[in-house]
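Coordinate analysis (summary)
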Amino acid sequence: MSAPAPAAGALRVFSAERIDAGDAGAHPEAVEVLHWARRFLTAAHPDLGRSGPVCPYTQPSLRRGLFHIAVADGDGGNGDLPALVGELRSRYDALLAELAEESDRELLTVLLVLPGLDRADSTALDEAQRKAKDEFVEQGLMIGQFHPVCEEPGLWNRTFRPLRAPVPLLAVRKLLVFDLPFLTGDETHLNHYLARFAPEVPARIRDQLVTSVRAHQRAAA
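Rules behind the numbers
Residues numbered from 1 in each chain as written. Predicted model: local features only at pLDDT ≥ 70, side-chain atom pairs only at ≥ 80, totals over all residues. Heavy atoms only, no water. Helix = DSSP H or I, 4+ residues; strand = E, 2+ residues; numbered from the N terminus. Buried < 20%, exposed > 50% of the residue type's maximum accessible area, 1.4 Å probe, protein only. Contact = heavy atoms within 4.5 Å. Areas by Shrake-Rupley, 256 points an atom, 1.4 Å probe, with all protein chains shown as cover. Patch = residues over 30% accessible without salt bridge, like charges linked within 9 Å, V, L, I, M, F, W, Y side chains within 5 Å. Salt bridge = Lys/Arg side-chain N within 4 Å of Asp/Glu carboxyl O. Pairing = 2+ DSSP bridges. pLDDT = per-residue confidence, 0-100. Axes fitted to C-alpha atoms, helices over the stretch in contact; angles between N-to-C directions. Parallel < 35°, antiparallel > 145°, perpendicular 65-115°, else oblique. Left-handed = near helix turned anticlockwise from the far one by under 90°. Nonpolar A, V, L, I, M, F, W, Y, C, P; charged D, E, K, R; others polar.

1. Concerning the overall build of the protein
Along the protein, the regular secondary structure elements total 8 helices and 5 strands. Reading the secondary structure of the protein in the N-to-C direction produces β-α-α-α-β-α-α-β-α-β-β-α-α. Looking at the protein as a whole, 44% of its 221 residues are labelled buried. Of all intrachain contacts in the protein linking residues separated by at least 6 positions in sequence, the fraction that spans at least 24 positions is 66%. Taken as a whole, the protein presents about 10900 Å² of accessible surface, with 53% of it coming from carbon and sulfur.

The following block contains the structure:
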């Protein structure tokens, strides 16, 4: 699948196939991130705390030609982060509109590489992801941050750091029913999740479920 030609200063979006073909030669960070995704995300890890690959969605996404990497022209991804996030969303939506099968829509993944960000400090990236996540989750999407020093712990092993990548980046994909563990830290996110995946449950019961999950999480901390 090919993305439309970008305007000056816009994001350039490359499929994994185009990167393999050498089309992203001017953007070595895109090549580096694709290699990392294949080497790390699709593989098992002894510290993960469960069986299977670090990310169960990456290999199917790659196999179906639905794994894309976006790079910002001009500034190396060191410009206006909210504007870049907004354009990332627009490019994701454009690719999503080309897909008819729900199974393909669930596997569509776009990574925005931001090599201009400080690789020793994830503060700016963490803040951009935190601000964007509310709107993304409300609209049925997940946005995650990866960074060389990301301190976000793993779900099954709190000492494992699965979101560490060689280059700062943001990743967008569709919100799935299996994403509940990633949303329990925020009551608003939980409510959006339940409203989407359990719409037949009355709002009062959804609120009770949110309260119960949050209490359980606090007790386990």
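2. Some thoughts on a nonpolar patch on the surface
The grouping of Leu155, Trp156 and Phe182 at the surface amounts to a nonpolar patch, some 310 Å² of accessible area in total. As for its position among the elements, Leu155 is in the loop between strand E4 (141-146) and strand E5 (169-174). Exposure remark for Leu155: the relative accessible area of 35% places this residue in the partly exposed category.

3. Some words on the pairing of strand E1 (residues 11-15)
For E1, the buried fraction is high: 4 of the 5 residues fall into the buried class. As paired elements, E1 and strand E2 (residues 67-72) share 5 bridges and run antiparallel to each other. Directly across from Arg12, in E2, lies its bridge partner Val71.

4. What to know about the confidence of the model for the protein
Averaged over every residue, the pLDDT of the protein is 89; residues scoring 70 or more account for 89%. This model gives residues 1-9 a pLDDT under 50, and the stretch forms 16 contacts once residues within four places in sequence are excluded.

5. Some details on the side chain of Thr184
Structurally, the position occupied by Thr184 is in the loop between E5 and helix H7 (187-197). Look at Thr184 and you get buried, because its relative accessible area is 13%.

6. Quick notes on the sheet that holds E4
Spatially, the 5 strands line up as an open sheet ordered E1-E2-E3-E5-E4, and their pairing is mixed. Of all strands in the sheet, those with a lone pairing partner are E1 and E4, marking the two edges. Each strand axis lies, on average, 20° off the axis of its neighbour in the sheet, ignoring direction. Relative to strand E3 (residues 109-113), E2 is paired through 5 bridges, and the arrangement is parallel. Following the sheet pairing, Val71 is matched in E3 by Val113.

7. Digging into the environment of Glu138
Within the secondary structure, Glu138 sits in helix H6 (residues 123-138). With 53 residues separating them along the chain, Glu138 and Asn191 place their C-alpha atoms 8.9 Å apart. Here Glu138 is in contact with His192 and Arg196, once residues within four sequence places are set aside.

8. Quick look at the packing of H6 against H7
Two numbers describe how H6 lies on H7: the axes approach to 9 Å, and their chain directions differ by 15°. With respect to each other, H6 and H7 are oriented roughly parallel. The chirality of how H6 crosses H7 is left-handed. For the pair formed by H6 and H7, the contact residues are Lys133, Asp134, Val137 and Glu138 on the first element and His189, His192 and Arg196 on the second. A class-by-class count of the residues in the contact of H6 with H7 yields 1 nonpolar, 2 polar and 4 charged.

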